[in-house]
Structures are given as C-alpha cells and as structure tokens.
Amino acid sequence: MTKHIFITGGVVSGLGKGITAASLAYLLKSRGYSVAMQKFDPYLNVDPGTMSPYQHGEVYVTDDGTETDLDLGHYERFAGVSCDRHSNYTSGKIYSSVIAREREGAYLGATVQMIPHITDEIKAAVRSAAKPGIDIVISEIGGTAGDIESLPFLEAIRQFKNEAGIGNAIVIHLTLVPYIKSVGEMKTKPSQQSVSILHSIGIFPDMLVCRTENPIEDEQRRKLSLFCNVPDEMVIEEQDVEHSIYEVPQELAERGMDAKVLKLLGLPVRDSKLDDWHWLLDRVLHPARKCRIAMVGKYAGLRDAYKSIFESFAHAGIALQAKVECDMLEAEELEQDCTKLEGYDGILVPGGFGVRGIAGKVAALRYAREHKIPCLGICLGMQCMVIEYARNVLGFADADSTEFNPDTAHPVIDFMPEQRGISAKGGTMRLGAYPCRLVDGSLAAKLYGKEEISERHRHRFEYNNDYKEKLVSAGLKVGGTSPDGNLVEMVELPEHPFYIGCQFHPEFKSRPFTPHPLFVGLIQAALNH
Ligand code: GLN
C-alpha cells in the first residue's frame, strides 16, 4: 500500500518547502523507496502558464507539456522523479473539473459543495499520484496555513489522513523560528500560532521542520514540542545552508529526518547510500576554476524567473569542476551600449515573451557574435539570434518576429504556416517534449553525441523556412530540425568558438548527475575563452 506524506507551510511563504520536499524524496529514494511527488497550489489560475514570472517565478514545463510551478523542477532535479499532469494541481484546475462535471449533470441533482465535492476531487488528485509500484507519495501544499485559499486543501488532507489510517499518511509542517536580534532570542511563538491554525481545522502535524538561522537550543525545542504537540524527536531543525541548496539533503540526513519519517510511516529504515551526493556536494563546494556568464534577460532582479537556467549552470559546473558566476543584465540597458558585456566569458539569452528588451537582446547577440564570446540562445534567445543575423548580416533592417512587428517586411520568425492568420494566444503554444534530429557534422550533434534528441518546448513562434536558404548560405547553419525537417529547432555559427541557439528549453532537462550538453558546451567554451 502506498504511504502518503503531506507537507504544509506556516508563518511566511518562501521557506523552501519545495527544496525540503525534494530533499526528503531524495533521501527516501536513497533508502530504496520509490517516491512520487506532487504540488497543490491554492491560486485560481488553472495552471501557472498565464502568470507573469514576477508573480510566480519560472513556469516549469514537463515532458507531457504541462505548465507547472517551479517547485516541480526541484522535484525532477533533486529527487530524480518524473513529473506529469498529475503532479501539479491548482485550485483553478480542481474547481474547473468539478464545475465541468456539474454542467454535464454528473452529480445527479446534488447540491455541489466545497465538502464533499471539492475535497473529493483533491483526494482523487492525491490518489492519482499513487501509481502501482510507488511506495511513498509526497504532496506539497503551496501557500501558508491560515490562507483562505488553502482551506479546502487542508480539509482534504484532514479527511485523507483519517481515511488512510494510522501510519499511512503523515503531515510535516514547515515553519520559521526567527531570531530576534534586539532580545537576542529565537522565538517559537509564530510556529505555535501556525500549528494552532492547523489544530483548529483538525490537522495534527506529525513532524515540525523548523527553518532557522541559528541552531535551535534545547529550551526552544522543548517549547516547540510542548506547544505544537509534537514529540521532541520530531522537531527537526533546518538551519540555513551556508553555500548551496545542494547542502540541504545532507543537513536533513544528519538530523535523521528520513529515518524518522520512515518510523512514522511504519516502514523499515533501510541503509542509505549517499556517496553520490557527497561527491556532488564536494564538487559544488570546491570548484577548481571559474567563469563569468552574463544572462541578458528581462527580469534581472528576479532569479526565480530563471531558476532552471541557474540550476543548469550549477550542473555544468559540477561536471567541469568550475564555479559558474552568472550576472543578470537587464536587456533594456544594453540597447544603446553593450560595454557592460566586457569581461564576461559567456553570454546566455533566455526565453521570454513580449517586445520589451528585444533590442537589447539583439544588441547583446551581435556583440557576442562579433567579439566571438561563447553564446547560447534559448527559445526567444534563438529567435533573436535569427533576427540579429537577418538584420546585420543579410541587411534586412526591419527583420523581426511577427510577435513584435506583425507588419514587418521580413518576418524571419513567424507562426507555423498552418497557424498564420489565426489570431493566436490561448492554447496555441507548442508545449512539452518533441523529437529533434541533429544535422550530421554540426556542433549540436557533436555536443549531444547522438542523432536524435527529445527536448521540451514552450513557444508559439517558429523559424520561418522562407528565409532558410538565405540565412544558411550567409553562415547561420541549421543544427537540428524536427524529424520531418519542417521546423528548424537549432541554429549555429561554425565560424564562431561557440554560438548556438535552440528553439526548445534545455534547462528543463538538466540534472545534477546528467548535466545538459548545451550548458556543458557553453561553460567549457567560456572556460576556454
Ligand atoms: N515568445 C516566443 C514565442 O512565443 C518565445 C517563447 C519562449 O522563449 N519561451 O515563440
């Protein structure tokens, strides 16, 4: 029988529930258990696909094309689980399926209500992750205890735990134990209050994970145990890590968290194998060399908007024993003057939507091309590579994507032929994994070391084949296409040390132990620069 772990959060958001959940999954897997993970997000958007990165950070895309919360990236990377459309449910998704069923008359005259209809739908979503062969499902509940939106989810957990029976489902509550400088003390009151919110709705957490800056003293631990109604040994300290999120699994293992969780679930505490992780952490903490990358994007203050890209740099750094320092440069600030790019060993232009910052991205790409700085363009980044080449090498001054200028005389990036003329947006994106055939002898084929690859997409616009002949004969070669040859998926400049663009998002498939070849290629070239 599959066991369930629910992870809730209290006091404030941003405590790193996703990393904690993913680290726990990694530790349980290292003890030989198969683990599935899912996330519930209490907001009303049906998925985060329509939300600005300012609101919710990066939109992470799974193989099956689901647009999900960025925590799923942690799940796939840290825990090595694969996520799909059953791995992320928002309130919007839960409510819309209940309402759709109500419209079909499926409730046979019943009054459709929060309890039991919404809560049943949530419980069904939890069960959908418990596929055959899965020992443990970890379900993370977004938001903070006390939010109005979270209530149906918490109520569903209460019911689920009751129905599952003792030892089959547990609740871990992640909370903050702040240090108040002026009194020189750690305070347990916020945790007490957040647990009391859970108590008032019938949830009694089995374990508290306390985020703290400093070690928790015995007295505070006793208080937390007493007032939060959790045995002393189930108060787990999760101190801020010093250098890297890759330290979290080790820290939680040192506190015995995974063994204690197994005890609560009545499962044998098998030996754990963490040698691989220790190797990896050693690489992260002791790099032999370093390089500096400039990422030319639109949300320069917001690292969460490019989470998977930063992680991919870390993975490539692990493989090459290098520290990758990445600065985020605001594209708009490069429009007139690219001297800010001086001194960088590599440039990355990430994906994005909308015209803001395009001129700066095009200028940065020209700089990278002309100054022979290693450069990777991802999705919109590749589209800008094509625009830049068409403008500055082919001499088509107004070459553009129809996303930014529908009336351009040279639409080098455009809708797919069958979609032209339809007013696009909603539901027209190419999403999820698609195969790509690499061109024999290309840099792309050399980096991947194989002929056919599968990569994840999230875009509407494509390379316009009407310009292929001109672009290729001017030097911007095609590195990969869809298997039927109709869609250009990769471009590259053979005359340049490393200049490559991809229509897909390689950052979603990079993993700590299997770094992505395009990122390894960029960092290697940057180290050689
Ligand atoms: N805005 C571009 C498109 O829709 C690129 C999208 C992206 O970079 N993810 O095609």
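The coordinates are above.
In this report, we go over the structure that sits alongside the text. (Residues numbered from 1 in each chain as written. Predicted model: local features only at pLDDT ≥ 70, side-chain atom pairs only at ≥ 80, totals over all residues. Heavy atoms only, no water.)

From N to C terminus, the protein includes 17 helices and 23 strands. Taking 2.2 N^0.38 as the reference for a compact globule, 529 residues should give roughly 24 Å; the C-alpha atoms of the protein span a radius of gyration of 25 Å, in line with that estimate. Viewed in the frame of its principal axes, the protein has a C-alpha envelope of about 75 × 65 × 45 Å. Residues counted as buried form 57% of the 529 residues belonging to the protein. In the protein, the proportion of contacts linking residues at least 24 apart, taken out of those at least 6 apart, comes to 73%. (Helix = DSSP H or I, 4+ residues; strand = E, 2+ residues; numbered from the N terminus. Rg over C-alpha atoms; globule rule 2.2 N^0.38 Å. Buried < 20%, exposed > 50% of the residue type's maximum accessible area, 1.4 Å probe, protein only. Contact = heavy atoms within 4.5 Å.)

Time to look at the packing of helix α13 (residues 358-370) against helix α14 (residues 380-392). Between α13 and α14, the least distance of the axes is 9 Å, while the angle of their chain directions is 70 degrees. It follows from the interaxial angle that α13 and α14 lie roughly perpendicular. Contact residues: α13 offers I358, K361, V362, L365, R366 and R369, while α14 offers L380, G381, C384, M385, I387, E388, Y389, R391 and N392. (Axes fitted to C-alpha atoms, helices over the stretch in contact; angles between N-to-C directions. Parallel < 35°, antiparallel > 145°, perpendicular 65-115°, else oblique.)

Our next topic: the packing of aromatic side chains. Taken as a whole and assessed by the stated rule, the structure comprises 13 aromatic pairs. Between the aromatic rings of F78 and W277, the centroid separation amounts to 5.4 Å while the plane-to-plane angle is 50 degrees, which identifies the pairing as tilted. Residue F78 is found in helix α3 (residues 71-78), and its partner W277 is found in helix α11 (residues 275-285); the two are separated by 199 residues along the sequence. For the residue pair F78 and W277, the accessibility class agrees, reading buried in each case. With 6.2 Å between their ring centres and 75 degrees between their planes, W277 and F513 make a pair best called edge-to-face. Of this pair, W277 sits in helix α11 while F513 sits in the loop between β23 (499-502) and α17 (517-528), and the two are 236 residues apart along the sequence. By relative accessible area, W277 is classed as buried at 2%. Put simply, the rings of Y26, F78, Y246, W277, W279 and F513 touch in pairs and so form one group of aromatic residues. The ring of Y89 has K93 lying over it, and the distance from NZ or CZ to the ring centre is 4.8 Å. (Phe/Tyr/Trp six-rings, centres within 6.5 Å; stacked < 30°, edge-to-face > 60°. Lys NZ or Arg CZ within 6 Å of the ring centre and 35° of its normal.)

Turning our eyes to something else, we now look at the sheet that holds strand β5 (residues 88-90). Strand order in the open sheet made by the seven strands is β5-β2-β6-β1-β7-β10-β11, with parallel pairing throughout. Pairing within the sheet leaves two strands with one partner each, and these edge strands are β5 and β11 (235-239). Within the sheet, the average angular offset between the axes of one strand and its neighbour, ignoring direction, is 20 degrees. Bridge count for strand β2 (residues 35-41) against β5 is three bridges, and the pairing is parallel. Bridged to D41 within β5 is T90. (Pairing = 2+ DSSP bridges.)

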